[in-house]
Amino acid sequence: MVDLSVEIGGVRFKNPIVVGSATPTMHARGMKKGIDGGAGAVIAKSLFAESGKLGRKFPRPRFKLFDYREYPGYPEKLPHSFTLRSLEECSSLDYETYMKDINATKDLIGDQGVVIASLSGASMEEWITMCQMVNETRADFVELNNSCPFAADMGVVMGAGAVDLTFQVVKTCKAVLKKPFSVKITPQTNDPVAVAKQVELAGANAVNMSARLSGIMLDIETAKPVQFGAMGGYGGPYLIGYGLKMVAQAAKELKIPIIAGLGTWDWQDIVRYIMVGATLVQSSVGIMMQGYKVSRKWQEQMEAWMEGKGYRGLGDIRGIALKNVIKTAEVPRKPENVAMGIDTAKCTKCGVCLRSCFYDAITLTKAGAVVNPKACDVCGMCAEVCPSYAPQLYYK
């Protein structure tokens, strides 16, 4: 029997899957669905302080998907690389209503899952007020959100625009909070790991490194940003590599648990994050696109895979990939024992490899594509673009 449970700050999570702070956790009903769907915890959509209350009103529409419906086989098949752009800064609720909703969530969920309240302030006074209020709720855990990618664009110093205040914010809240807490930090800084170390030094129980990036997309016919005309959040499975890099770097430096999630789309992504040191893994876009019940599917797939591999718990795989992540200076350069060849039985003579060979090393013959080993640099591009998997790497 595989044990997927973990513990942070004395709070037990039945599994590492967390429904991230987004539309699916906007209210108690949605958070109940998240736990019923199989997740171990839910993070409520962040409560913004009064100075950021503009964010409580959303543009309509507020979501835009790129490269999603165009995927071959949609909707039966879903793409593994797409972008969700949105402008949804925070919960639509005010202080009092938010705290009531947290209690209502705990009433619905009980001991079946962990309820995490999420707070985001601008001034120290706002942080203190919200922490005092959340202390009086039945939230199991608290997230201090200092990561919103576009809150500063509203004209307030918060989120990604308040990176320099991270230590002071955490230290201030630590003195007030009576509950274990994590701090969600932005990836939009020169050194996220340095910020994470400040979070640890200030006394947080965990650091959340799953925040999105911000950006725009232009309509060239109107020269205007698509959808709502301003900067918006950018998320999606394509960010998994960036997220894994941040967590792997942080895991080597931190002693506190890491909450990951950038780009999480399937159960394998959860395993990947744990292998580079994460304790919990959240998903927002994955659950928004695949539904609340996908968490149960991920849990079952993880259990089956781990059991098949002989792993008994998450501790068996946490961080095991870190020793395999080497520095670029250590990568073998220009090895002489490899060569590229083409399996003519698989080659359809489509010519796709020709347009992506920058060494003029491929010739298309009646038998199929042929590689000139003297011209080939073994860059591997032909193998990546070939629709029939004909190019093969050979070791001498």
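Since this is a predicted model, take the numbers as computed values, not measurements.

Enquirer: Before we go on, may I ask you to explain the layout of surface pockets in this structure?
Expert: Here the idea is plain: a probe the size of a water molecule rolls over the atoms and shows the empty space left. Roughly 350 Å³ of internal volume is contained in the largest pocket. Along its surface, the largest pocket is lined by 14 residues, and Pro 335, Val 338, Cys 376, Asp 377 and Val 378 are the ones closest to its centre. Take the lining of the largest pocket: its biggest share by element is 3 residues, from strand β18 (residues 338-342). Each residue belonging to the lining of the largest pocket can be placed in one class, and the counts come to 9 nonpolar, no polar and 5 charged. Reported here for the second largest pocket is a volume of approximately 210 Å³. Val 193, Gln 249, Lys 252, Glu 253, Val 325, Ile 326, Lys 327, Thr 328 and Glu 330 together form the lining of the second largest pocket.

Enquirer: Could you clarify how one ought to interpret the environment of Pro 16 in this entry?
Expert: Along the chain, the position of Pro 16 falls in the loop between β2 (11-13) and β3 (17-19). Overall, Pro 16 belongs to the buried group, its relative accessible area being 0%. In this structure the C-alpha to C-alpha distance between Pro 16 and Gln 301, which are 285 residues apart in sequence, comes to 13 Å. Contacts of Pro 16, omitting those with residues within four sequence positions, involve Leu 4, Ile 270, Ile 274, Thr 279, Leu 280, Val 281, Met 302 and Leu 314.

Enquirer: It is not clear to me how the environment of Gly 261 should be interpreted in this structure. Could you clarify?
Expert: Secondary-structure assignment places Gly 261 in the loop between β16 (258-260) and α7 (267-275). With relative accessibility at 10%, the residue Gly 261 sits in the buried group. Gly 261 sits 74 residues away from Pro 187 along the chain, and the two C-alpha atoms are 12 Å apart. Excluding its chain neighbours within four sequence positions, the residues that come into contact with Gly 261 are Ser 210, Tyr 273, Val 281 and Gln 282.

Enquirer: Any chance you could explain unusual backbone geometry here in plain terms?
Expert: Trans is the prevailing form of peptide bonds, just as negative phi is the prevailing case for residues other than glycine. Here Arg 60 and Pro 61 are connected by a cis peptide whose omega angle stands at -5 degrees. If you trace the backbone, Pro 61 turns up in the loop between β5 (47-48) and β6 (63-66). Of note, the amide linkage connecting Tyr 74 to Pro 75 takes the cis form, showing an omega dihedral of 10 degrees. By secondary structure assignment, the location of Pro 75 is in the loop between β6 and β7 (83-86). Here the phi dihedral of Asp 360 falls at roughly 50 degrees; this positive angle occurs in a residue that is not glycine. Along the polypeptide, Asp 360 turns up in the loop between α10 (352-355) and β19 (362-365). With relative accessibility at 69%, the residue Asp 360 sits in the exposed group. Notably, Tyr 389 is not glycine yet its phi reads approximately 60 degrees, a positive angle. Along the chain, Tyr 389 turns up in the loop between α11 (381-385) and β21 (391-395). The exposure class of Tyr 389 is exposed, given its relative accessible area of 61%.

Enquirer: I would appreciate a short explanation of helix α6 (residues 240-251) in the present structure.
Expert: An α-helix turns once every 3.6 residues. As a result, residues three or four positions apart point the same way. Taking 1.5 Å per residue, 12 residues should reach 16 Å; α6 reaches 16 Å between its end C-alpha atoms and fits that length. Taken as a whole, α6 has its buried residues at Ile 240, Gly 243, Leu 244, Met 246, Val 247, Ala 248, Ala 250 and Ala 251. Buried residues in α6 make contact with α5 (192-202), β16 and α7.

Enquirer: Help me understand a nonpolar patch on the surface in this model?
Expert: A cluster of nonpolar side chains, namely Ile 216, Leu 218 and Met 231, defines an oily patch on the protein surface of about 260 Å² accessible area. With respect to the helices, strands and loops of the structure, Leu 218 is situated in strand β13 (residues 218-219). Owing to a relative accessible area of 47%, Leu 218 belongs among the partly exposed residues under this scheme.

Enquirer: Is there a simple way to explain the packing of aromatic side chains in this structure?
Expert: Each pair of aromatic rings is reported with the distance of its centres and the angle of its planes. As enumerated under the stated definition, the model contains 6 aromatic pairs in all. On the basis of an interplanar angle of 65 degrees and a centroid distance of 4.8 Å, the ring pair of Tyr 68 and Phe 82 is categorised as edge-to-face. With Tyr 68 in the loop between β6 and β7 and Phe 82 in the loop between β6 and β7, this residue pair connects regions lying 14 residues apart in the sequence. Both residues of the pair, Tyr 68 and Phe 82, belong to the buried class. An angle of 50 degrees between the planes, with centres 6.0 Å apart, marks the rings of Trp 267 and Trp 305 as tilted. Of this pair, Trp 267 sits in helix α7 while Trp 305 sits in helix α9 (residues 294-309), placing them 38 residues apart in sequence.

Enquirer: Is there a simple way to explain the packing of α7 against α9 in this structure?
Expert: Working note: a packed helix pair is described by the angle between its axes plus the distance between those axes. Contact geometry for α7 and α9: axes closest at 9 Å, N-to-C directions at 60 degrees. By the criterion of interaxial angle, the relationship of α7 to α9 is oblique. As for the relative orientation of α7 and α9, their crossing is right-handed in sense. Two secondary-structure elements touch here, α7 through Trp 267, Ile 270, Val 271, Ile 274 and Met 275 and α9 through Trp 298, Gln 301, Met 302 and Trp 305. Among the residues forming the contact of α7 with α9, the class breakdown is 8 nonpolar, 1 polar and no charged.

Enquirer: How should I be thinking about the nonpolar core in this particular structure?
Expert: A general feature of soluble globular proteins is that nonpolar side chains tend to end up buried together. Of all hydrophobic cores here, the largest spans 89 residues; its most connected members are Phe 13, Tyr 98, Leu 119, Leu 144, Val 207 and Tyr 273. With 7 residues, α6 is the largest single contributor of residues to this core. Here Val 207 is in contact with Val 183, Ile 185, Ala 196, Val 199, Leu 254, Ile 256, Pro 257, Ile 258 and Ile 259, once residues within four sequence places are set aside. Core analysis: the next-biggest nonpolar cluster, separate from the first, contains 12 residues, Met 340, Cys 353, Ala 361 and Ile 362 among them.

Cut-offs and rules
- Residues numbered from 1 in each chain as written.
- Predicted model: local features only at pLDDT ≥ 70, side-chain atom pairs only at ≥ 80, totals over all residues.
- Heavy atoms only, no water.
- 1 Å grid on protein atoms, 1.4 Å probe; cavity = no way out; pocket = protein on both sides within 12 Å on 5 of 7 lines; lining within 4 Å.
- Points joined across faces, edges and corners; volume = space filled by probe spheres on them.
- Helix = DSSP H or I, 4+ residues; strand = E, 2+ residues; numbered from the N terminus.
- Nonpolar A, V, L, I, M, F, W, Y, C, P; charged D, E, K, R; others polar.
- Buried < 20%, exposed > 50% of the residue type's maximum accessible area, 1.4 Å probe, protein only.
- Contact = heavy atoms within 4.5 Å.
- Expected span 1.5 Å × (residues − 1).
- Patch = residues over 30% accessible without salt bridge, like charges linked within 9 Å, V, L, I, M, F, W, Y side chains within 5 Å.
- Areas by Shrake-Rupley, 256 points an atom, 1.4 Å probe, with all protein chains shown as cover.
- Salt bridge = Lys/Arg side-chain N within 4 Å of Asp/Glu carboxyl O.
- Phe/Tyr/Trp six-rings, centres within 6.5 Å; stacked < 30°, edge-to-face > 60°.
- Axes fitted to C-alpha atoms, helices over the stretch in contact; angles between N-to-C directions.
- Parallel < 35°, antiparallel > 145°, perpendicular 65-115°, else oblique.
- Left-handed = near helix turned anticlockwise from the far one by under 90°.
- Core = buried A, V, L, I, M, F, W, Y, C linked by side-chain atoms within 4.5 Å.

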